[in-house]
Structure formats: structure tokens, C-alpha cells
Amino acid sequence: MVEMRTAVEESANQVSRTTLQYSGVLSANLLVVDSCPIGYACVAGLVYAPITYAIERDSLVQQIPPGSSQKPSVYGRIRIR
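Small disclaimer: the values here were computed from a predicted structure and weren't measured. (Residues numbered from 1 in each chain as written. Predicted model: local features only at pLDDT ≥ 70, side-chain atom pairs only at ≥ 80, totals over all residues. Heavy atoms only, no water.)

What exactly am I supposed to notice about the pairing of strand S4 (residues 30-33) here?
On a regular strand, each side chain points to the face opposite its neighbour's, so the side chains alternate between the two faces of the sheet. The alternating pattern of S4 places Leu31 and Val33 on a buried face, while none of Leu30 and Val32, on the opposite face, is buried. Summarising the sheet, strand S3 (residues 24-27) and S4 pair through 4 bridges and their orientation is antiparallel. What sits directly across from leucine 26, in S4, is leucine 31. Following S3, the chain reverses through 2 residues before pairing antiparallel with S4; alanine 28 in that reversal takes a positive phi of roughly 55°. The sheet contact formed by S4 and strand S5 (residues 51-56) spans 4 bridges and is antiparallel. Bridge pairing in S5 places valine 32 opposite threonine 52. (Buried < 20%, exposed > 50% of the residue type's maximum accessible area, 1.4 Å probe, protein only. Helix = DSSP H or I, 4+ residues; strand = E, 2+ residues; numbered from the N terminus. Pairing = 2+ DSSP bridges.)

Looking at this structure, I do not really get the sheet that holds strand S7 (residues 74-75). What am I missing?
Whenever strands of a sheet pair, they do so through backbone hydrogen bonds, lying parallel or antiparallel. Overall, antiparallel pairing links the 5 strands, which are arranged S3-S4-S5-S6-S7 in an open sheet. Each of the sheet's edge strands pairs with one partner strand only, and the pair in question is S3 and S7.

Quick question: what am I supposed to make of the side chain of serine 59 here?
By secondary structure assignment, the location of serine 59 is in strand S6 (residues 59-62). Within the structure, the side chain of serine 59 is placed 3.4 Å from the side chain of aspartate 58, a separation counted as a polar contact. (Polar contact = N/O pair within 3.5 Å; in protein donor to acceptor, adjacent residues only side chain to side chain.)

Any chance you could explain the pairing of S5 here in plain terms?
Bridge count for S5 against S6 is 4 bridges, and the pairing is antiparallel. Bridge pairing links alanine 54 to valine 61 in S6.

How should the state of the cysteines be read in this particular structure?
Covalent bonding between the sulfur atoms of two cysteines defines a disulfide. All told, the structure shown has 1 disulfide when counted by the stated rule. Across the disulfide from cysteine 36 sits cysteine 42; the S-S distance is 2.0 Å. Taking the sign of the torsion about the S-S bond as the criterion, the disulfide between cysteine 36 and cysteine 42, at about 85°, is right-handed. Look at cysteine 42 and you get partly exposed, because its relative accessible area is 29%. (Disulfide = S-S within 2.5 Å.)

Explain unusual backbone geometry here, please?
One can expect most non-glycine residues to show negative phi and most peptide bonds to be in trans. Despite not being glycine, alanine 12 shows a phi value in the positive range, around 55°. Checked against the element boundaries, alanine 12 lands in the loop between strand S1 (2-9) and strand S2 (15-22). What makes alanine 12 exposed here is its relative accessible area of 72%. Even without being glycine, arginine 57 reaches a positive phi, approximately 55°.

Spatial relationships are all this shows, so hold off on functional conclusions.
If you want it as C-alpha cells, here you go:
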């Protein structure tokens, strides 16, 4: 299980926080996360696909397919339990 906590600063210095849980598999230095949160009804292949992250020190770096123009997301301050 992977728990992702997100904090986004909105207007007037208000911070919006969310916590969601996902299924995930850890193998070597890669974490593959099912992008549909646990308990949500998602249609496989149409709405979501697994997301792969490389673990680099205390960060997750999203792995982007070769040739994609998308920039990888980086998430910091991770803890593995």
C-alpha cells in the first residue's frame, strides 16, 4: 500500500491537503503504483494506468516513456516502512 499526501498552496495562503491510498509494488529501486486510489471505481485501461517511479534517496522520480514530451514529476520526503 502506498499513501500519498499532497499539500497545495491556494490563494490567500490557504493550504489544501489530501491523503489517498494506492496499491503498489516495490521491486529493487522501482515503485509501480496503481493510479486508481483504493476504494475508487476506475475503468482499467480507459481512465488510468500504473505509474512507475524510480527511488532516488528520499524522492520518487516518475519514469516517462521514451519519446514523450511530458516532464517527470518528482515527489520528495518519502518514507518506506
